[in-house]
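For reference, the chains in residue letters:
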Amino acid sequence: MKLPKSIEEIRSDFPILSSKVYGKPLVYLDNGATTQKPVHVLSVMEELYRSANANVHRGVHYLSDMVSDRYEGARETVRSFINAPKKEEIIFTAGTTASVNAVAFSFGEKYVHEGDEIVISGMEHHANIVPWQMLCERKGARLKVIPFSDEGVLDLEAFSRLLTERTRIVAVTHVSNVLGTVNPVKEIVAEAHRHGIPVLVDGAQAVQHGIVDVTDIGCDFYVFSGHKVYGPNGIGVLYGRESLLDEMPPYQGGGDMVANVTFEKTTYQGLPFKFEAGTTNFTGAIGMAAALDYLTALGREAVAAREQMLLVKATEGLTSLDSVRIYGTAPNKVSVASFLIGETHPYDAGMILDKMGIAVRTGTHCAQPVMKRYGISGNIRASIAFYNTGEEIDALISGVRKVIPMLA
Amino acid sequence: MTVNEIQEQIIEEFSVFSDWMERYEYLIDMGKDLPPFDEKHRKPDYLIEGCQSKVWLYPSLTDGIVNYTADSDALITRGIVALLVRVFSGRTPDEILDADIYFIDRIGLKENLSPTRSNGLLAMMKQIRLYALAYKTKSEMS
């Protein structure tokens, strides 16, 4: 469970972490929004453009073959990282949002009809709410929402009661981006499967913390983004169970996803290409795979243990300050400390912390229903990655301590 | 004072601060000194909703002079709101429409008026001018 390198060595893998902002050392605690990229990822992508750039799956020539192999290699890396049964079950998309939309369109088109129901949780990011809402509007279906406690724990009894013979799919987040709660997705999947209902798990805030095994979870769809796992932007993953993906219609038409095209009738490729229309973001996929390799080399358990240590330190430090309230105190949580200072506005604190070099996120974190649940308009979120240090957590706490009298 | 004289005055006030904390403290104080916003105007018609903070802006016209009262739910935003009210309130529509606002940039608060910040301030600037334009159009028609 020990990292194979010192924290100084790890931080030197991420050049941006040694930047100064407003003349002060950057304290980057907005990892839930996006993570920084190790040089390993940057150099893989640069080298790819320099020496192996050609379109995938299209050429008879050397470069095209080489990059196609690497693209398929990236697919295998992802499969192995999340422990999916088959490589064909890994679809590359533009990100978590694109993956959820893909399922909402494709699965929704085939299986969701008027009067049907879709179950989501009350702690979803907008990306796992709005696509389902849009589907409901198209089809005349209904959205049902699993409530959660003040601590940020889903009410599983309420969840069981929400499942009916009209429920077509359950979509829940693995880890809440606001509360940090790690939801019991394995239990949720088991319960839904008892009713024969498939489950999509939003892993955007989970994969980077090393806690994902889709075979163990048993979910039918699992989605995440490259940029939150130390990889590039504009790439993401949709894992889907082969038997379901096979039955689902393509949701985008174009090149590479077709077998035969005539003006009368087009037939489609098999998995995964049926869902990858057009030139894919192969540099992104290969870059993301490099990021997953980096995490694997560090050791996922060691990464998780270090993040947990830093989260405990941040939570203890923040709660020791009189006027600070933490949102999300579930027994099983990762990375995220969301808080408010007395009655003050989160934007004020965020702006002042920014000038101290401390990057946090303020606002609703694209999860307005969570804010509504607590009767607040937003909060301040510090989100931790393994490359953060104890000194940086101390800087956050002392920054917040300085902010308190300014806003009083 | 002209618009530019007030802008120069604000720039000078901020020039004494050596660091950001002082600048923000001054802004927060200025926000606190903003005259109270009439609660009957705190309604959707006068609300400019940003993703980060909210701004309320209420215009009125007396003898050809436009007055603005405003408020925000965030203290630093309210401080900037107070500066904008100080610059724009008590002027003719033409003065408002002709004003070239540069002080925000000069006192280092430019990022607060960027479209990505979404704190209501950029929209407030637009709204100040729109109200002035509406008053001007109305007076020209009558």
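This is a predicted model, so every value here is computed, not measured.

Peer 1: Lay out helix H11 (residues 300–319) of chain A in plain terms, naming residues and giving numbers.
Peer 2: All names here are of chain A. An ideal rise of 1.5 Å per residue puts 28 Å on 20 residues; H11 measures up with 28 Å between its terminal C-alpha atoms. Of the residues making up H11, those classed as buried are Val303, Arg306, Glu307, Leu310, Leu311, Ala314, Thr315 and Leu318. Residues of H11 that are buried in the fold lie against helix H10 (282–298), strand E13 (324–327), strand E14 (336–341), strand E17 (379–383) and helix H14 (390–407).

Peer 1: Report on the pairing of strand E7 (residues 167–173) of chain A, specifying residues and quantitative values.
Peer 2: Residues and elements named next belong to chain A. Most of E7 sits out of view: 5 of its 7 residues are buried. Where strand E5 (residues 117–121) lies against E7, 4 bridges are found, and the strand directions are parallel. Across the sheet, Ile118 pairs through a bridge with Ile169, a residue of E7. Strand direction decides the pairing type here: E7 and strand E8 (residues 199–202), joined by 4 bridges, are parallel.

Peer 1: Please give an account of the sheet that holds strand E16 (residues 361–363) of chain A that cites residues and values.
Peer 2: Residue and element names in this part refer to chain A. In spatial order, the strands read E13-E14-E17-E16; together these 4 strands make up an open sheet with antiparallel pairing. Unpaired on one side and paired on the other, E13 and E16 mark the two borders of the sheet. Between one strand axis and the next, the sheet turns through 30 degrees on average, direction left out of account. Summarising the sheet, E16 and E17 pair through 3 bridges and their orientation is antiparallel. Bridge pairing in E17 links Thr362 to Ile380.

Peer 1: Residues and numbers for the environment of Leu353 of chain A, please.
Peer 2: Residue and element names in this part refer to chain A. Looking at where Leu353 falls in the secondary structure, it is placed in helix H12 (residues 346–355). Using a count of 23 C-beta atoms within 10 Å as the deciding quantity, one classes Leu353 as buried. For the pair Leu353 and Val403, spaced 50 residues apart in the sequence, the C-alpha separation amounts to 7.6 Å. Setting aside residues no more than four positions away along its own chain, Leu353 makes contact with Ile358, Val360, Gly399 and Val403.

Peer 1: Kindly report on the interface of chain A and chain B, identifying the contributing residues and their values.
Peer 2: Listed by partner, the interface residues are 11 residues for chain A and 13 residues for chain B. Mapped onto the side of chain A that touches chain B, the elements with two or more residues apiece are H12, E16 and H14 of chain A. In terms of residues, the side of chain A that touches chain B owes the most to one element, H12 of chain A, which gives 5 residues.

Peer 1: Break down the domain arrangement of chain A for me, with residues and values.
Peer 2: Residue and element names in this part refer to chain A. Assigned domains within chain A: domain 1 (7–30 + 299–407) and domain 2 (42–296). Each of domain 1 and domain 2 was reduced to a C-alpha centroid, and the two centroids are 28 Å apart. Facing 22 residues of domain 1, the contacting portion of domain 2 comprises 21 residues. Elements represented by at least two residues in the side of domain 1 that touches domain 2 include exactly H11, E14 and helix H13 (368–374). Ranked by the residues each element gives to the side of domain 1 that touches domain 2, the list is headed by H11, at 5 residues. Broken down by class, the residue content of the side of domain 1 that touches domain 2 amounts to 10 nonpolar, 6 polar and 6 charged.

Peer 1: Provide a residue-level description of the environment of Val334 of chain A, including the pertinent values.
Peer 2: All names here are of chain A. If you trace the backbone, Val334 turns up in the loop between E13 and E14. Between the C-alpha atom of Val334 and that of Arg161, which follows or precedes it by 173 residues, the distance is 28 Å. Sequence-distant contacts of Val334, that is, excluding residues within four places in its chain, are made with Val175, Gly180, Val182, His209, Glu307 and Leu311.

Peer 1: So, the sheet that holds strand E3 (residues 65–72) of chain B: which residues are in play, and what are the values?
Peer 2: The pairing of strands in a sheet comes from backbone hydrogen bonds and takes either a parallel or an antiparallel form. Residues and elements named next belong to chain B. Judged by pairing direction, the sheet is antiparallel, and its 3 strands sit side by side in the order E1-E2-E3 without closing on themselves. Lying at the two open borders of the sheet, with one neighbouring strand each, are strand E1 (47–49) and E3. Averaged over all pairs of adjacent strands, the angle between their axes in this sheet comes to 25 degrees, without regard to strand direction. Bridging between strand E2 (residues 54–62) and E3 involves 8 bridges; their strand directions are antiparallel. Bridge pairing links Trp56 to Asp71 in E3. Of the strands in this sheet, E2 and E3 are in contact with helix H3 (residues 75–88), which crosses E3 at around 175 degrees.

Peer 1: Tell me what's going on with the packing of H3 of chain B against helix H6 (residues 121–141) of chain B, and back it up with residues and numbers.
Peer 2: Residues and elements named next belong to chain B. Relative to each other, H3 and H6 sit at 20 degrees, their axes nearing to 11 Å. The orientation of H3 with respect to H6, classified from their angle, is roughly parallel. H3 and H6 meet at a crossing whose hand is right-handed. Across the interface between the two elements, Thr77, Ile80, Val81, Leu84 and Phe88 from H3 touch Leu121, Met124, Met125 and Ile128 from H6. In the contact of H3 with H6, the residues fall into 8 nonpolar, 1 polar and no charged.

Peer 1: Explain unusual backbone geometry to me, and be specific about the residues and the numbers.
Peer 2: Residue and element names in this part refer to chain A. Of note, the amide linkage connecting Leu271 to Pro272 takes the cis form, showing an omega dihedral of -5 degrees. For Ser335, which is not glycine, the phi torsion reads 65 degrees and is therefore positive. Examined against the element boundaries, Ser335 turns out to sit in the loop between E13 and E14. Look at Ser335 and you get buried, because 28 C-beta atoms sit within 10 Å.

Peer 1: Mind laying out the packing of helix H2 (residues 39–51) of chain A against H10 of chain A, listing which residues take part and the relevant values?
Peer 2: Residues and elements named next belong to chain A. One can describe the packing of H2 onto H10 by two numbers: an axis separation of 8 Å at closest approach and a directional angle of 150 degrees. Relative to H10, the element H2 lies roughly antiparallel. In the packing of H2 onto H10, the handedness of the crossing is right-handed. Counted together, His40, Val41, Val44, Met45, Leu48 and Tyr49 of H2 and Thr283, Ile286, Gly287, Ala290, Ala291 and Tyr294 of H10 form the full contact between these two elements. In terms of residue class, the contact of H2 with H10 is built from 9 nonpolar, 3 polar and no charged.

Peer 1: Explain the confidence of the model for chain B to me, and be specific about the residues and the numbers.
Peer 2: Residue and element names in this part refer to chain B. Taken residue by residue, chain B gives an average pLDDT of 91. The fraction at 70 or more is 99%. Looking across chain B, the model is least confident in E1, with a mean pLDDT of 86, and most confident in helix H4 (residues 93–98), with 96. Across the interface, the model reports ipTM at 0.86; the global pTM reads 0.93.

Thresholds, definitions, all that
Residues numbered from 1 in each chain as written. Chains lettered and ligands numbered in written order. Predicted model: local features only at pLDDT ≥ 70, side-chain atom pairs only at ≥ 80, totals over all residues. Helix = DSSP H or I, 4+ residues; strand = E, 2+ residues; numbered from the N terminus. Expected span 1.5 Å × (residues − 1). Buried ≥ 20, exposed ≤ 12 C-beta atoms within 10 Å, placed from the backbone. Contact = placed C-beta atoms within 7 Å. Pairing = 2+ DSSP bridges. Axes fitted to C-alpha atoms, helices over the stretch in contact; angles between N-to-C directions. Domains from an automatic or database assignment. Nonpolar A, V, L, I, M, F, W, Y, C, P; charged D, E, K, R; others polar. Parallel < 35°, antiparallel > 145°, perpendicular 65-115°, else oblique. Left-handed = near helix turned anticlockwise from the far one by under 90°. pLDDT = per-residue confidence, 0-100.

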